[in-house]
Number of protein chains: 2
Amino acid sequence: MNNAKLSFLGRIFRPLTLNFLFVFSKKKGNEILFAKINVTLPKRLAMIKAALPKGTRDFTPEQLAKRQFIIEKIKNAFERSGFQPVETPAFEKLETLTGKYGNEGDKLIFKILNSGDFLKKVPPAVYEEKNASKMVPYISEKALRYDLTVPLARYVVMHRNEIVFPFKRYQIQPVWRADRPQKGRFREFYQCDADVLGSKSLWQEVEFIQLYNDVFSELKIPVEIRINHRKILNGIIHKFNLEDVKQPFMTALDKLDKIGWDKVVAEWQKSGISAQTAFKLREIFSISPDKMPEHLEPLLRDIPEGMEGVEELKTVLSRVSPLSHAELVPDLSLARGLDYYTGTIMEVRAKSVQMGSLGGGGRYDNLTEIFGVKDISGAGISFGLDRILLVMEEMKLFEGLRGFEPQVMFVNFGDKEAAYSWKAVKKLRETGISAELYPDAVKLKKQLQYAAKRNIPFVVMAGEDEMKAQKFTLKNMQEGSQTQLDFEEMRKIIGTGKN
Amino acid sequence: MNNAKLSFLGRIFRPLTLNFLFVFSKKKGNEILFAKINVTLPKRLAMIKAALPKGTRDFTPEQLAKRQFIIEKIKNAFERSGFQPVETPAFEKLETLTGKYGNEGDKLIFKILNSGDFLKKVPPAVYEEKNASKMVPYISEKALRYDLTVPLARYVVMHRNEIVFPFKRYQIQPVWRADRPQKGRFREFYQCDADVLGSKSLWQEVEFIQLYNDVFSELKIPVEIRINHRKILNGIIHKFNLEDVKQPFMTALDKLDKIGWDKVVAEWQKSGISAQTAFKLREIFSISPDKMPEHLEPLLRDIPEGMEGVEELKTVLSRVSPLSHAELVPDLSLARGLDYYTGTIMEVRAKSVQMGSLGGGGRYDNLTEIFGVKDISGAGISFGLDRILLVMEEMKLFEGLRGFEPQVMFVNFGDKEAAYSWKAVKKLRETGISAELYPDAVKLKKQLQYAAKRNIPFVVMAGEDEMKAQKFTLKNMQEGSQTQLDFEEMRKIIGTGKN
């Protein structure tokens with residue numbers, strides 16, 4: 001480490017070091033003081049390196065080209081279907097978010113420290129107790145968006161007098177969760193949601209299935225859309241008197257894909273379901289997709305909620321088919337988190353690549369109730385951007401994707417030549433061609449290397465000869481060929497070479 | 001307030017109420033306990049309303065249409081000029097941000113509370129002291145992005161081995177500041193930055209001035225780009241031995257527009273500049289734009305840094321002109337915050353509307369030095385999205401802007417008719433037309449009102465007659481006219497009516 005770096009570190013860490021001295025000098029134990037500093041400083045020294053908070057990512061131009069390709073397809077499909085974009089702030093009031101995602105979810109919400117003297121509002125008795133979770137409401141009033149659904153509910157309630165219902169909105173923005181980062185799981189990630197609020201019509205379900213079909217068709221990812229109905233599941237729970245063990249019953253079922261039938265049945269029995277019932281349930285849930293939902297009718301005949309589910313699912317299936325691209329598969333074992341959905345539920349998976357769900361959604365009846373506004377039924381779906389990207393990379397679907405490199409670079413041979421080239425650069429841009437002038441009159445080789453590394457397809461060289469002749473030497477970087485042309489000829493070739 | 005709402009509030013506030021009971025029951029003072037609850041609960045009750053944190057905004061589809069219009073123009077201009085997009089996470093490590101924006105800036109950084117038991121790492125002695133700013137580093141390790149410049153420096157240092165220099169990047173993302181919200185000043189707002197790193201060429205300055213010209217030309221906002229050079233200012237400071245009062249000297253000058261010459265001179269004198277020098281300075285700084293920078297040569301002849309500034313500014317001015325749209329005005333009194341820029345500085349203002357600066361930028365030499373990497377000179381500019389939008393609204397430049405409403409809505413007359421219409425909706429979407437089916441078979445009047453309120457230009461009615469004839473009745477919502485057409489005729493008319 002050189003001197004400049006050390007002096008910089010000195011500047012940065014002076015306040016921290018003083019803190020330590022101050023803190024530990026009170027303790028009158030010099031050995032402890034030095035021990036502590038020795039332990040702590042190296043860790044802090046490591047932090048001076050330019051680094052990202054864990055679980056977050058920079059997106060390079062190359063990665064953004066892929067992400068934007070996917071986002072554009074989703075946006076276009078949303079807009080073609082009459083959905084309008086909405087954006088909400090990155091942070092919400094803490095009260096807006098807490099209590100909406102269960103205990104586990106609450107822990108994953110990033111809270112923002114109040115500005116200024118944030119300890120001011122902490123009552124002395126609370127401070128004395130030194131309990132972090134009790135202190136939170138006094139030192140934090142804001143938190144980062146955890147999903148796009150609670151902000152949607154808050155938005156709809158706040159704007160309900162200006163909104164035209166049924167309200168079709170889409171939202172593509174990042175959310176943040178203090179999850180343990182893993183491969184493919186980040187603390188900042190984008191959600192792409194479309195929801196309709198204010199209509200109970202089953203055409204909404206049809207709309208969303210169609211949207212999945214259209215987007216994955218355009219992305220060229222073969223998918224299977226699995227579909228189920230929460231009222232059917234409730235009917236079965238009612239039929240077998242499972243109300244008291246509903247949660248463990250559903251939780252086990254939800255894991256079927258991962259753990260298999262034997263373990264699901266074992267978990268059921270552990271939660272108090274008799275061996276006989278568990279056996280019966282396994283039989284029912286193993287119903288073949290093409291017999292769902294019709295074959296549930298005898299079972300649920302005396303349970304109105306269950307029959308409603310069967311009827312609704314039948315209606316959706318009949319309206320939606322045939323799909324041009326996706327395969328729609330009724331699946332009784334599809335559960336999707338209990339506390340949220342009240343009607344149809346669905347989930348999308350890639351057929352060709354192993355990669356969890358690429359999206360999911362369903363109907364919910366009481367979203368805005370948490371803000372005191374009832375009777376706004378809604379339905380919505382979500383696209384999992386990161387996973388879609390991974391699938392497309394695995395399937396090599398990004399090959400040939402154009403990045404953000406300009407179409408042409410002009411070599412800089414010195415002031416006069418650069419001025420001549422600059423005029424051409426400006427004129428090309430006016431015609432919609434992306435062009436740039438290399439800023440420094442360095443060696444030609446270096447300039448050509450720059451163009452090659454950035455994948456710029458054309459390079460123009462204009463020196464004294466070209467200036468005299470009012471021409472330009474155009475080099476096709478892939479073929480290596482060179483031609484002297486006038487402006488208009490050059491423009492045409494570069495324009496055609498575009499993608 | 002009805003019972004449902006109260007029971008809901010009960011659910012939400014139960015944990016809070018328990019907290020209070022727990023905390024205050026320790027004090028054995030029942031009166032105090034009840035008094036506290038009475039005071040605190042009404043305030044908390046008010047919070048249950050759907051509300052935004054102060055200084056933040058929701059963006060409705062109408063507002064987003066305007067914002068995206070501006071952002072698209074900026075993005076296109078950036079990309080046409082060879083800039084590539086980069087995105088960085090919403091939060092950075094706290095150490096990455098602190099110390100980069102001055103003391104005042106540091107206070108405005110939103111800090112994120114560590115997850116879990118965030119009090120665990122606070123040393124007992126620090127906790128005892130109950131000093132908020134000393135406690136911060138122990139309970140917060142992350143903070144929200146305050147601008148896009150420090151993240152750029154961090155990005156360039158982290159990715160320097162894969163980056164091709166000169167590195168032309170643009171970044172359009174929100175930033176957050178705990179500023180006191182005011183009219184036009186928000187706690188969350190977008191920055192739109194373009195920077196080049198790794199070249200000292202003055203062609204970069206030319207590039208940025210051209211970018212301002214092009215974007216504001218496309219947005220149809222007449223603007224003036226004021227330009228100055230930090231080396232010229234440094235030269236004058238040197239000439240008059242103002243090194244010791246540099247900061248107050250520049251701060252006063254920076255306010256010239258707002259407070260006028262008399263007050264600037266008064267402030268100068270207060271900071272210790274003699275009346276004679278202040279008078280001389282006023283004379284120099286009142287130099288007419290068309291005589292800048294040439295007329296400074298006699299004054300700065302013996303000050304190399306000043307002369308360098310004069311030469312560089314002359315070069316930029318000669319290379320850039322003539323501009324097709326913007327007026328480029330050399331302005332010696334342009335200062336733009338001291339601690340950052342080292343070369344050319346510039347600022348854009350609307351000519352027709354009073355509205356602070358719409359953008360600004362300049363050259364800086366040591367951006368990445370804060371992360372220990374030297375000698376990466378850079379230059380950049382920024383666009384003020386919110387102010388540009390306000391100017392365009394005032395100038396009525398958004399008139400006729402197409403929103404996100406679909407081009408056509410199909411009326412829902414019932415199951416059979418809806419199925420017939422749904423097929424047409426799908427086919428229209430395949431041709432790129434945005435179309436939707438009204439989800440519920442409610443009264444025609446209600447459906448037409450929905451279409452009118454959403455500004456949907458065409459409505460299709462297809463009942464039994466149309467189904468029999470395989471036709472569609474197309475209603476032009478603006479003209480009120482109706483025609484019966486086959487699919488292809490209908491598609492053509494809707495497609496042509498597309499903005």
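Nothing here was measured: the structure is a model prediction, and the numbers come from that model.

Enquirer: How should the relation of the copies chain A and chain B be read in this particular structure?
Expert: Here the two chain copies are tied together by a rotation about an axis and a shift along that axis. For the pair chain A and chain B, the superposition axis carries a translation of 0.0 Å, the fit reaches an RMSD of 0.1 Å, and the rotation angle comes to 180°. The relationship between the two copies is best expressed as a two-fold rotation axis. Relative to the rotation axis, the closest C-alpha in chain A is found at Ile-112 of chain A, a distance of 2.2 Å. By residue overlap, the copies meet face to face through one surface: 97% of the interface positions of chain A are interface positions in chain B.

Enquirer: What exactly am I supposed to notice about empty space enclosed by the protein here?
Expert: Remark: the empty space left among the atoms is shown by a probe the size of a water molecule rolled over them. On inspection of all chains with the given rule, the structure shows three cavities of 30 Å³ or more. Of the volumes computed, that of the largest cavity is approximately 60 Å³. Looking at the largest cavity, the residues that line it are Trp-422, Glu-436, Leu-437, Pro-439 and Tyr-450 of chain A together with Lys-168, Trp-203, Gln-204 and Glu-207 of chain B. Taken together, the elements giving at least two residues each to the lining of the largest cavity come down to β13 (435-437) of chain A together with α9 (203-219) of chain B.

Enquirer: What is the right way to look at the interface of chain A and chain B in this model?
Expert: One frequent convention defines the size of an interface as the accessible area lost when the parts assemble. Residue-level contacts link 122 residues of chain A with 121 residues of chain B. Buried area between chain A and chain B, both sides added, is near 10,700 Å², and the carbon and sulfur share of it is 62%. On the chain A side of the interface with chain B, the three residues burying the most area are Arg-80, Glu-87 and Trp-203 of chain A, jointly 6% of the side's total. Inspection of the chain A/chain B interface yields eight salt bridges. Across the pair Arg-429 of chain B and Glu-207 of chain A runs a salt bridge whose closest N-O atoms are separated by 2.7 Å.

Enquirer: Can you walk me through the pairing of strand β7 (residues 223-229) of chain A in this structure?
Expert: Each regular strand shows side chains that alternate between the opposite faces of the sheet. Residue and element names in this part refer to chain A. Counting buried positions over the seven residues of β7 gives six, a clear majority of the element. Across seven bridges, the pairing between β7 and strand β9 (residues 344-350) is antiparallel. Paired with Asn-228 across the two strands is Ile-345, which belongs to β9. With four bridges joining them, β7 and strand β8 (residues 327-330) adopt parallel strand pairing. In the sheet register, Arg-226 faces β8, and the bridge partner there is Val-329.

Enquirer: Explain the pairing of strand β4 (residues 140-144) of chain A to me, please; I cannot follow it from the model alone.
Expert: Residues and elements named next belong to chain A. Of all five residues in β4, four are buried, a share of seventy percent or more. Inspection of the sheet shows strand β2 (residues 91-93) paired to β4 by three bridges, in the antiparallel sense. Looking at β4, one finds that Phe-91 is bridged to Leu-144. Summarising the sheet, strand β3 (residues 111-113) and β4 pair through three bridges and their orientation is antiparallel. Residue pairing for β4: Leu-113 is matched across the bridge by Ser-140.

Enquirer: What am I meant to see in the nonpolar core here?
Expert: Side chains that are nonpolar tend, in soluble globular proteins, to be buried together. In terms of nonpolar packing, the biggest core is built from 268 residues, with Trp-268 and Met-490 of chain A together with Trp-268 and Met-490 of chain B touching the most fellow members. Among the elements that make up this core, the one with the highest residue count is α9 of chain B (nine residues). Contact partners of Trp-268 of chain B, with chain neighbours within four places excluded, come to Pro-248, Phe-249, Ala-252, Leu-253, Trp-261, Ile-273, Ala-278, Leu-281, Arg-282 and Phe-285 of chain B. Core analysis: the next-biggest nonpolar cluster, separate from the first, contains 14 residues, Phe-110, Ile-112 and Ala-178 of chain A together with Leu-144 of chain B among them.

What counts, and at which threshold
- Residue numbers run consecutively from 1 along every chain, following the written order of its sequence.
- Here every chain gets a letter starting at A, and every ligand a number starting at 1, in the order they are written.
- Only residues with pLDDT of 70 or above have their local features reported here, since the model is predicted, and side-chain atom pairs are shown and tallied only from 80 upward, although totals for entire chains, interfaces and linings are computed over all residues.
- Where side-chain values are given, they derive from all heavy atoms of the structure, hydrogens and water being excluded.
- In this comparison the copies share one frame, found by least squares on the C-alpha atoms of residues holding pLDDT of at least 70 in both.
- A contact between two residues is defined here by any heavy atoms of the two lying within 4.5 Å.
- Definitions used throughout: a 1 Å grid over protein atoms alone; a cavity as a set of points that fits a 1.4 Å probe which cannot get out; a pocket as an open set with protein on both sides within 12 Å along at least five of seven lines; a lining residue as one with an atom within 4 Å of a point.
- Grid points are joined across faces, edges and corners, and a volume is the space filled by probe spheres set on the points.
- Helix and strand assignments come from DSSP, with helices taken as H or I runs of at least 4 residues and strands as E runs of at least 2, each series counted from the N terminus.
- Take the accessible area each of two parts loses on contact, using a 1.4 Å probe, and add the two losses: that sum is the buried area.
- Basic side-chain nitrogens of Lys or Arg form a salt bridge, by our definition, when they fall within 4 Å of a carboxyl oxygen of Asp or Glu.
- Think of it in three bands: residues with accessible area under 20% of the maximum for their type are buried, residues over 50% are exposed, and the middle band is partly exposed, with areas taken using a 1.4 Å probe on protein chains only.
- In this scheme, strands are said to pair when DSSP sees at least two bridges between them.
- In this description, a nonpolar core means a group of buried Ala, Val, Leu, Ile, Met, Phe, Trp, Tyr and Cys residues linked to one another through side-chain atoms lying within 4.5 Å.

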